[in-house]
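# Notes for the structure review
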Amino acid sequence: MKMLTILVAVIVLVDLADSTKKSVPAAFKAANLSKVLNITIKNLKLMTVTYPDPPKKVFLGNNLTQTDTSTEPTYDFDYRTNRYYALLMTDPDVPSPSISLPGEFFHWFVGNIPGNRSSSGEDILNYFPPVPPPGTKPHRYTFLLYRQRKKMNFSDGSLLGIDLTNRLMRRASVLAKELNLGDPIAGNFFYKGFDVPVVHGALNVV
Ligand SMILES: *[C@@H]1O[C@H](CO)[C@@H](O)[C@H](O)[C@H]1NC(C)=O
Ligand SMILES: *[C@@H]1O[C@H](CO)[C@@H](O)[C@H](O)[C@H]1NC(C)=O
Ligand SMILES: *[C@@H]1O[C@H](CO)[C@@H](O)[C@H](O)[C@H]1NC(C)=O
Ligand SMILES: *[C@@H]1O[C@H](CO)[C@@H](O)[C@H](O)[C@H]1NC(C)=O
Ligand SMILES: *[C@@H]1O[C@H](CO)[C@@H](O)[C@H](O)[C@H]1NC(C)=O
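About the criteria used
Residues numbered from 1 in each chain as written. Chains lettered and ligands numbered in written order. Predicted model: local features only at pLDDT ≥ 70, side-chain atom pairs only at ≥ 80, totals over all residues. Heavy atoms only, no water. 1 Å grid on protein atoms, 1.4 Å probe; cavity = no way out; pocket = protein on both sides within 12 Å on 5 of 7 lines; lining within 4 Å. Points joined across faces, edges and corners; volume = space filled by probe spheres on them. Helix = DSSP H or I, 4+ residues; strand = E, 2+ residues; numbered from the N terminus. Nonpolar A, V, L, I, M, F, W, Y, C, P; charged D, E, K, R; others polar. Buried < 20%, exposed > 50% of the residue type's maximum accessible area, 1.4 Å probe, protein only. Polar contact = N/O pair within 3.5 Å; in protein donor to acceptor, adjacent residues only side chain to side chain. Contact = heavy atoms within 4.5 Å. Pairing = 2+ DSSP bridges. Near = heavy atom within 4 Å. Areas by Shrake-Rupley, 256 points an atom, 1.4 Å probe, with all protein chains shown as cover.

## Structural notes on the layout of surface pockets
Of the voids in this model, the second largest pocket is the one considered here, and its volume is about 180 Å³. Lining the second largest pocket are Asn38, Ile39, Thr40, Tyr146, Ser173, Ala176, Lys177, Gly182, Asp183 and Pro184. It is helix α5 (residues 172–178) that contributes the most residues to the lining of the second largest pocket, three residues altogether. Grouping the amino acids of the lining of the second largest pocket by side-chain chemistry returns four nonpolar, four polar and two charged.

## Quick look at the side chain of Asn188
One can find Asn188 in strand β11 (residues 186–192). Judged by its relative accessible area of 1%, Asn188 falls in the buried class. At 2.8 Å, the side chain of Asn188 forms a polar contact with the backbone nitrogen of Leu60. Excluding residues within four positions of it along the chain, Asn188 makes contact with Phe28, Leu46, Met47, Val49, Val58, Phe59, Leu60, Tyr141, Thr142 and Phe143.

## Looking at the sheet that holds strand β5 (residues 74–76)
Spatial strand order, β3-β2-β5: three strands in an open sheet with antiparallel pairing. Across the chains shown, the open sheet's two edge strands, defined by having one partner strand only, are β3 (56–57) and β5. Of the pairings in the sheet, the one linking strand β2 (residues 48–51) to β3 comprises two bridges and is antiparallel in character. Looking across to β3, one finds that Thr50 is bridged to Lys57.

## Examining the site of ligand 5
Every residue lining ligand 5 is accounted for by Asn153, Ser155 and Asp156. With respect to ligand 5, the side chain of Asn153 contributes an N or O atom lying 2.4 Å from an oxygen atom. Contact with the protein chains removes 28% of the 360 Å² of surface that ligand 5 exposes when unbound.

Structure follows, in structure tokens:
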């Protein structure tokens, strides 16, 4: 009886691990993100992204609110210690999923994340909280993790000849190509529509 319980538990655990592994490309595909972002998702793994205070995990298309997402989340991955990584958070749905501009809005870009976690990487574009305008359907806020070929000097924008300071009308696929990052290796995303943030409430009073 005990053996059977253990066996069932093991099977369930194996199954769960398997389903989270499999569900990343499937979830990206179901949300049309592979098409919209023009990215290869076949081997995409799950990147853990957690908003603090109170902790709220991003999970493959869950719904988050203004309060959940107002401060920068933490992120994790099964990094290799001798490598550097880059994290991009992008919104392909500006200004709305139905009237999309020919480009994305970059919410966050962190480079030189050391695989040994000795530091948190360099913010190339600071975290910009998602604030979709009223009347739009929920946007797909997408996190993509890339493995850098080597440590990069992002402060030398002119040397690379790439504009790293602009957020609007950008494309993850183009940036990845410009920086020679290859295909994303991990990802995650959430949906968020317009909701009345605390600051709007305060402004309405004024
Ligand atoms: C994905 O795209 C298809 C075809 O363009 C569309 O019918 C479907 O509603 C889209 N799904 C989502 C979740 O955007
Ligand atoms: C999608 O990416 C491929 C390969 O990187 C590129 O050749 C193609 O032009 C891109 N398509 C669009 C619509 O950007
Ligand atoms: C997210 O909210 C939408 C309604 O805006 C709902 O249809 C959908 O089921 C929700 N998704 C999840 C994962 O709760
Ligand atoms: C982590 O990697 C950085 C950069 O490669 C290196 O300077 C540092 O010594 C490493 N730290 C540990 C604890 O391995
Ligand atoms: C990065 O590039 C800047 C601008 O060219 C330069 O001042 C700086 O020394 C470089 N940093 C490193 C670590 O090479």
